[in-house]
Each structure stands twice: as C-alpha cells, then as structure tokens.
Amino acid sequence: MSELPGIALDEWRALGQALDFRGHSIRYWVAGDAAAEPLLLIHGFPSASWDWHRLWAPLAERYRVIACDMLGFGYSAKPRGHAYSLLEQADLQQALLTHIGERRPLHVLAHDYGDSVAQELIARHQEGQLQLASCVFLNGGLFPETHHPVRVQKLLLGPLGPLIGRLFSRRKLAQSFARIFGPHTQASEAELDALWQLVAYNNGPAVMHRLIRYMPERRQQRQRWVTAMQATTLPMRVIDGAFDPISGAHMVARYRELIADADTVLLDGIGHYPQLEAPAEVLEHYLQFRDARSSHA
C-alpha cells in the first residue's frame, strides 16, 4: 500500500517512553536531532500515534518529532469513568513538551481528533499561552457542520453507547475502515491487526463511549476555534483525502469559505487516513509547505 516502509507495531511500542500526566501513564515518542525544529504529531480517533509510523523516520531526518498516545488511546492509560476532553488532551500536549524540555516555537501536524486538539492549541497560541510556528491538518472535523460521523460513532453517542463500545471488535473496526479508506488504498490485514491491538489495549472499547464526547465538545468550542483560525497569522495548510466520507472534499470546501487565503491540497481517491493510505504524498506536500516558508523567511 505504500512505498514508505514504516515501523512494525512491536518495534514502535519498544521505542516509547513513559510520562505521568495527572496520575495516568502516557506513552510518548521522540526522535530526530534535539537541535532540529520541533514537530508535534497529534493522532486521531480511535487509533494512536502509530498512525504516523510511515512518516516517522522521514520526518525525523529533518525535525525533532514528538508524539504521544493521548489519554484513552493506544498504549496510554484508559481510565474508566473519566470525563475525557479535547481541552485536557491539549493540556497533555503542553505537559509533554514541558516534560521533554521543548520550549521553542512548535510546528504541528494533526489528524482527525488531533485536528481539534490542534485547533485548541492555535486558540492558546492566539492568547499567548504557547508559541506555535505552523500547523498542518489532515482529514478532520474542523467544522462541526461538515463532519459526517460513521454509524458506530453515532451509536456510541447514544444511550446504548457503553454497550456498543464493549461490543466493538476487530471485525467492526475493519468494516468501518473499509468505508472510510479510499477504494484502492484499503488497509491490509496486518495493518488492521495492529490498529485493533491499539484500540483493544487496556480494554479500550470500554471507554470509547466516553472518548466520543469530543463530537459535542467540538460544537461547544466551534466559535472559539474558528475565530482563532481566522485571526491567526500562523501558516496553515490542509492536506486532505478527498474521498473521505467523514471529512473529505466537502470539509475542504467549507475551509476555503471560512479561512482567508486558504492553503489546501486534495488527494484524489484517498480516504480518511492519508498518512497510512498515501504517506509519500503527504510527506511531499508537508515538506513543500515547510520548505516554501523557510525560503520565504
């Protein structure tokens, strides 16, 4: 599926380190030259930072790349009964940066759920709480009005959410991903095995109905986040799999309506996970974005 080889899940897990965040164990990864510009990668729902495994080594050749499995995801703690929040996940990103001693202006590359965390970081940047240097979004629900959740997400939000979560399985994950990946860039069985391992770790399905509260939280924060994106001078780009039924070409059309001088790239035939489906293209368009700004500067 890709000309970028990536990192096997077991190897990826072994490269991780541990951080205590408010009494919860968080798994994180750092690679690249410590003197290189910092690049924070923020993953989506329901997966984890392994989503970036095909881009990890190429990006680490140029930047200090940083990522964590957010609270409730992947190899991090998944506390039962926790009130998961996108704002808390933004706090976690800031705690991670403090933990590793990274205080320089930060570049961000985000996907899906991570896009919302990145939007909160942009709002905090505008408020002077941290300093960003750029932000690139992959497919995500930047605007609640263009977000088309899949059926299982809607069910998780309903009264049967706890049951739906507990019944979530590799087969259901595969069914959902088959609908949101591009027709010619479907996940392999090995990739689905790895993605399911990350969801299932620490009994992850038991907290999915709590994690999914990010969808109404996006609506609550919409004005704050969109206003920040409209006001900022931060360089931003969207690299989007156009085929994605959740946040594909229709989301990019809305982005162009709302964001002045919108910098957008549509990947034809690619679905919701461009970093897994077309990593070489994502890398090319990301580096082009960064290089254009470096030469301009």
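Residues numbered from 1 in each chain as written. Predicted model: local features only at pLDDT ≥ 70, side-chain atom pairs only at ≥ 80, totals over all residues. Heavy atoms only, no water.

Colleague: Sorry, what's going on with the overall build of the chain here?
Modeller: A tally of helices and strands in the chain yields 13 helices and eight strands. Against the 2.2 N^0.38 benchmark of 19 Å for 297 residues, the chain shows a C-alpha radius of gyration of 18 Å, consistent with a compact globule. Structurally, the chain occupies a C-alpha span of about 50 × 40 × 40 Å along its principal axes. In the chain, which comprises 297 residues, the proportion classed as buried is 60%. Contacts in the chain between residues at least 24 apart in sequence constitute 79% of all its contacts with a sequence separation of at least 6. Only carbon and sulfur atoms are counted for the fraction: they give 50% of the accessible area of the chain, which is about 11,800 Å². (Helix = DSSP H or I, 4+ residues; strand = E, 2+ residues; numbered from the N terminus. Rg over C-alpha atoms; globule rule 2.2 N^0.38 Å. Buried < 20%, exposed > 50% of the residue type's maximum accessible area, 1.4 Å probe, protein only. Contact = heavy atoms within 4.5 Å. Areas by Shrake-Rupley, 256 points an atom, 1.4 Å probe, with all protein chains shown as cover.)

Colleague: Honestly, the packing of aromatic side chains in this entry has me stumped. Any pointers?
Modeller: The geometry of an aromatic ring pair is captured by two quantities: the separation of the ring centres and the angle between the planes. Tallied over the full model, the rule gives 14 aromatic pairs. A ring pair is formed by F177 and Y273, whose centres lie 5.1 Å apart and whose planes are at 40 degrees; its orientation type is tilted. Separated by 96 residues along the polypeptide, F177 in helix α7 (residues 170-180) and Y273 in the loop between β8 (264-267) and α12 (274-277) bring together distant segments of the chain. This pair shows no difference in class: F177 is buried, exactly as Y273 is. Taken together, the ring pairs connect F45, F73, Y113 and Y214 into an aromatic cluster. (Phe/Tyr/Trp six-rings, centres within 6.5 Å; stacked < 30°, edge-to-face > 60°.)

Colleague: Just checking my understanding: could you explain the UniProt feature "domain: AB hydrolase-1" (unreviewed entry) in the chain for this structure?
Modeller: UniProt feature "domain: AB hydrolase-1" (unreviewed entry): in the numbering of this structure it lies at residues 38-279. Helix makes up 45% of residues 38-279 and strand 13%, with an end-to-end C-alpha separation of 20 Å. (UniProt positions renumbered as here; feature names shortened; annotations may be inferred.)

Colleague: Please explain helix α4 (residues 113-126) as it appears in this structure.
Modeller: An α-helical segment advances 3.6 residues per turn. Residues three or four places apart therefore align on the same side. Compared with the 20 Å implied by 1.5 Å per residue over 14 residues, the 21 Å span of α4 between its first and last C-alpha is a close match. Counting buried residues along α4, 13 of its 14 residues qualify, which places the element largely inside the surrounding structure. One or two steps after α4, the chain reaches G128, where phi turns positive at roughly 80 degrees. (Expected span 1.5 Å × (residues − 1).)

Colleague: Just checking my understanding: could you explain the environment of L276 for this structure?
Modeller: Looking at where L276 falls in the secondary structure, it is placed in helix α12. Judged by its relative accessible area of 1%, L276 is buried. Between the C-alpha atoms of L276 and R54, which are 222 residues apart in sequence, the distance is 7.1 Å.

Colleague: How should the packing of α7 against helix α8 (residues 189-200) be read in this particular structure?
Modeller: Helices that pack against each other are described as a pair by the angle of their axes relative to one another and the distance between those axes. Look at α7 against α8: their axes get within 10 Å of each other, and the N-to-C directions meet at 120 degrees. As far as their axial angle goes, α8 and α7 are oblique. When the axes of α7 and α8 are compared, the crossing they make is right-handed. Here R170, L173, A174 and F177 of α7 come into contact with α8, specifically with E189, L192, D193, L195 and W196. Of the residues that constitute the contact of α7 with α8, the class distribution is six nonpolar, no polar and three charged. (Axes fitted to C-alpha atoms, helices over the stretch in contact; angles between N-to-C directions. Parallel < 35°, antiparallel > 145°, perpendicular 65-115°, else oblique. Left-handed = near helix turned anticlockwise from the far one by under 90°. Nonpolar A, V, L, I, M, F, W, Y, C, P; charged D, E, K, R; others polar.)

Colleague: Hey, could you run me through the sheet that holds strand β1 (residues 17-21) in this one?
Modeller: What holds strands together in a sheet is hydrogen bonding between their backbones, with the strands either parallel or antiparallel. One open sheet accounts for eight strands, arranged β1-β2-β4-β3-β5-β6-β7-β8; its pairing is mixed. Either end of the sheet is taken by a strand with one partner, and the two such strands are β1 and β8. Shown here is a sheet whose adjacent strand axes are inclined to one another by a mean of 25 degrees, direction ignored. Sitting on the sheet, α4 is in contact with β3 (38-42), β5 (106-110), β6 (132-137) and β7 (236-241), with an inclination near 155 degrees to β6. Packing of helix α11 (residues 249-258) onto the sheet brings it into contact with β7 and β8, and relative to β7 it is tilted by some 160 degrees. (Pairing = 2+ DSSP bridges.)

Colleague: Explanation requested: α7 in the structure shown.
Modeller: When we look at burial in α7, the residues that qualify are L173, A174, S176, F177 and I180. The buried residues of α7 all sit within an arc of 165 degrees when viewed along its axis, so they share a single face. For α7, the elements touching its buried residues are α5 (151-157), α8 and α12. (Arc of directions from axis to C-beta.)

Colleague: Mind showing me how you'd approach the pairing of β8 here?
Modeller: Two faces, one strand: in a regular strand the side chains alternate between the faces of the sheet. With four bridges connecting them, β7 and β8 associate as parallel partners. Along β8, the bridge assignment pairs V238 with T264. Traced from β7 through α11 to β8, the parallel crossover comes out right-handed. (Right-handed = clockwise from strand over helix to strand, strands pointing away.)

Colleague: Even after reading the chapter, I still don't get the nonpolar core, so can you show me in this structure?
Modeller: One finds L59 and Y286 to be the most contacted residues of the largest nonpolar core, which totals 105 residues. When residues no more than four places from it in sequence are discounted, the contact partners of Y286 are L39, L59, Y63, H107, L109, V136 and I239. (Core = buried A, V, L, I, M, F, W, Y, C linked by side-chain atoms within 4.5 Å.)

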